[in-house]
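Here is how the chains run, residue by residue.
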Amino acid sequence: KMSWYLFLKWVYRHVDVAFYVGSANKAYYKKFGLTEKQLIFAPHAIDNQRFKLKPGQDFRDQFGILPGEVVFLYAGKFESVKNPRLLMQAFLNASLTGAHLVMVGNGELEGMLKDMVRNHKNEETVHFINFQNQSQMPAVYHSADVFVLPSQSETWGLGVNEAMAAGLAVLVSNRCCGAVELVENGVNGFIFKCGNVEDLSGRLKE
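Definitions and limits used
- Residues numbered from 1 in each chain as written.
- Predicted model: local features only at pLDDT ≥ 70, side-chain atom pairs only at ≥ 80, totals over all residues.
- Heavy atoms only, no water.
- Pairing = 2+ DSSP bridges.
- Helix = DSSP H or I, 4+ residues; strand = E, 2+ residues; numbered from the N terminus.
- Axes fitted to C-alpha atoms, helices over the stretch in contact; angles between N-to-C directions.
- Contact = heavy atoms within 4.5 Å.
- Buried < 20%, exposed > 50% of the residue type's maximum accessible area, 1.4 Å probe, protein only.
- 1 Å grid on protein atoms, 1.4 Å probe; cavity = no way out; pocket = protein on both sides within 12 Å on 5 of 7 lines; lining within 4 Å.
- Points joined across faces, edges and corners; volume = space filled by probe spheres on them.
- Nonpolar A, V, L, I, M, F, W, Y, C, P; charged D, E, K, R; others polar.

Caption draft 1: Representation of the sheet that holds strand 6 (residues 146–149) within the structure. Read across the open sheet, the 6 strands follow the order 5-4-3-6-7-8; overall the sheet is parallel. Edge strands, defined here as strands with exactly one partner in the open sheet, are strand 5 (126–129) and strand 8 (189–192). Here the strands of the sheet are splayed against their neighbours by 20° on average, with no regard to which way each runs. The pairing of strand 7 (residues 169–173) with strand 8 spans 4 bridges and is classified as parallel. Bridging across to strand 8, V172 finds its partner in I191. Against the sheet, helix 5 (residues 84–94) contacts strand 3 (70–75), strand 4 (99–104), strand 5, strand 6 and strand 8, and its axis sits at roughly 165° relative to strand 4.

Caption draft 2: Structural view of the environment of L92. Within the secondary structure, L92 is located in helix 5. The class of L92 is buried, set by a relative accessible area of 4%. A sequence separation of 34 residues divides L92 from V126, and the C-alpha atoms of the two residues are 9.0 Å apart. Setting aside chain neighbours within four positions, we find L92 in contact with M116, V117, H120, N122 and V126.

Caption draft 3: Main features of the layout of surface pockets. A volume near 390 Å³ is recorded for the largest pocket. Taken together, 21 residues form the lining of the largest pocket, with A75, G76, K77, F131 and M137 sitting closest to its centre. Broken down by secondary-structure element, the contributors of at least two residues to the lining of the largest pocket are helix 7 (137–142), strand 6 and helix 8 (158–165). It is helix 8 that contributes the most residues to the lining of the largest pocket, 4 residues altogether. Of the residues in the lining of the largest pocket, the class split is 9 nonpolar, 8 polar and 4 charged. There is about 160 Å³ of room inside the second largest pocket. Mapped by element, the contributors of at least two residues to the lining of the second largest pocket are strand 3, strand 7, strand 8 and helix 9 (197–205). Residues that form the lining of the second largest pocket fall into these classes: 9 nonpolar, 3 polar and 2 charged.

Dropping the structure here:
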């Protein structure tokens, strides 16, 4: 680790200017010797207006979700680093009344996730949708109430920006490196402990 640290210190001595996307990224550059004058803020950006406008489509009718029922949304690859299994387990453990979990995506964990819910008492409240093109995502977000990103690691987590632009509350793990700084606990969502199913179940209830 020390040799890698020294190597990066040497690399960054040859940098004149660096662009950082958030406070964690900024702290990273400073750790390796860059000064405030060398750093320029260049945040990740999305087309807020595109996600803010509510499209006509809505998957609630497709699944028989009633007005007033809460929809938790996961949208991403079904892979270990994204940790969708944690969300599935937390939702099933929470046994929420009047709530649904919609899982949008595909991937290596798809079969396991479907097995987890098969024959469970809350099976009818969990719904799967195949991967959606980016053009369809505004409709997906506007069909939900809360966006959940349970990842073990993210460089940023741009889905959080998109969900917030669509007016959703957000639940993110404390390992969602960049996007976590967009979340103010109890105001626009909650931050939960990565990998902690009890903490996530509690946040789902809140």
